[in-house]
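Now for the letters of each chain:
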Amino acid sequence: MRSKTGAYLELIRYPLLAIPIAASLPGIVLAAAEVGINWRVFAAPATALCGYFAGMIKNDYFHREHDRAANPDRPLPSGRARPKTAHRLASGMYIACVLSGFAMGWRAGLLTMCLVAVSHSYNAYLKMRGVWGSVALPFGIALLSVYGSVCVSGGVSPGVWFCFATIFLYDAGVHIISAFKDMERDKALGVVTTPLQIGARRAMAVSWILTAGAFAAALTFALRVGSAAQGACVGLAFAVAVWTRLPLLREASEKNGYAALKGSMIGAALLFPSPIAGVLPFWWAAGTVAALAGLTAVLLGRSRQEV
């Protein structure tokens, strides 16, 4: 039983469970500041988390033959989990997300269907299409901020589009960085990733430009609302992201690529929810952001799994 449970925890990439919550939280909090707290404030991040987990399972399902050569210890190629069972579970989770979305309103339901379509398209087709994959997945992650707002209030609250831009640009940069950890294996297997498609140096430059754009959008919003706390969160996320990517600048190796990815995930847990610091009391906001970043850092540090 422990072996089965561990296999499915690996399938959902449990060390990254804070990311969909962090991405949806700004929209949720900004909307709740307008309309008040309701049950959808809690249902929205739970639904986002369920959909994120379903997407991770689908990713391993669609790419299990590739993993058989590149990552044979993962649950599906190793036989610790059955592909048919994993597919049914992920599909059931997608359906549950859509039903939950419509329970929160017809706009939320339609947006949930859009998110499921983006997730499925990325996992089934776009992931191995280079630049297309580096655009599709970040678009879906960024859309969670809009989703959170629509779930809570039925509309898009002012400032949410700054959150969308910040998350999209940052996650697009991270997606490119993440390809470096598998670059040699992908090249040997004929997998097309952005660094292999446009060249490692050019991909690195694009990643840094996107990341700079993300922090510029986040700081613009912080200055607009006059939130020093939000600016501090953005600054800390910037420091973490840059510091952990510096070794990759010196040597584009798989080891440095994975270290940069882990640092970028901790940075994301700091950056994505930073707009809540302009709405919530300081200690509430600081505690929430610290909990998301700390949880991500601890799980990434303790897990033997490659995310």
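In what follows, the structure referred to is the one given above.
Below: a short report on this structure.

The rules behind the values
- Residues numbered from 1 in each chain as written.
- Predicted model: local features only at pLDDT ≥ 70, side-chain atom pairs only at ≥ 80, totals over all residues.
- Heavy atoms only, no water.
- Axes fitted to C-alpha atoms, helices over the stretch in contact; angles between N-to-C directions.
- Helix = DSSP H or I, 4+ residues; strand = E, 2+ residues; numbered from the N terminus.
- Parallel < 35°, antiparallel > 145°, perpendicular 65-115°, else oblique.
- Left-handed = near helix turned anticlockwise from the far one by under 90°.
- Contact = heavy atoms within 4.5 Å.
- Nonpolar A, V, L, I, M, F, W, Y, C, P; charged D, E, K, R; others polar.
- Phe/Tyr/Trp six-rings, centres within 6.5 Å; stacked < 30°, edge-to-face > 60°.
- Buried < 20%, exposed > 50% of the residue type's maximum accessible area, 1.4 Å probe, protein only.
- Lys NZ or Arg CZ within 6 Å of the ring centre and 35° of its normal.

1. Description of the packing of helix 3 (residues 40–62) against helix 8 (residues 131–153)
In the contact formed by helix 3 and helix 8, the axes pass within 9 Å of each other and the chain directions differ by 150 degrees. In this view, helix 3 runs roughly antiparallel relative to helix 8, as classed from their interaxial angle. The crossing of helix 3 and helix 8 is right-handed. Every residue of helix 8 that contacts helix 3 at Arg 40, Val 41, Ala 44, Thr 47, Ala 48 and Tyr 52 is listed here: Ile 141, Leu 144, Tyr 147, Cys 151 and Val 152. Grouping the constituent residues of the contact of helix 3 with helix 8 by class yields nine nonpolar, one polar and one charged.

2. Notes on the packing of aromatic side chains
Taken as a whole, this structure holds nine aromatic pairs when the rule is applied. Judged by centre distance (5.5 Å) and plane angle (20 degrees), the ring pair of Phe 162 and Phe 221 falls under stacked. Separated by 59 residues along the polypeptide, Phe 162 in helix 9 (residues 160–178) and Phe 221 in helix 12 (residues 200–225) bring together distant segments of the chain. Note on Phe 162: relative accessible area 26%, which makes it partly exposed. Through a chain of ring-to-ring contacts, the aromatic side chains of Phe 139, Trp 161, Phe 164 and Phe 168 assemble into a single cluster. The side chain of Arg 64 reaches across the aromatic face of Tyr 61, ending 4.3 Å from its centre. Taking NZ or CZ as reference, Arg 245 lies 5.9 Å from the ring centre of Trp 208, over its face.

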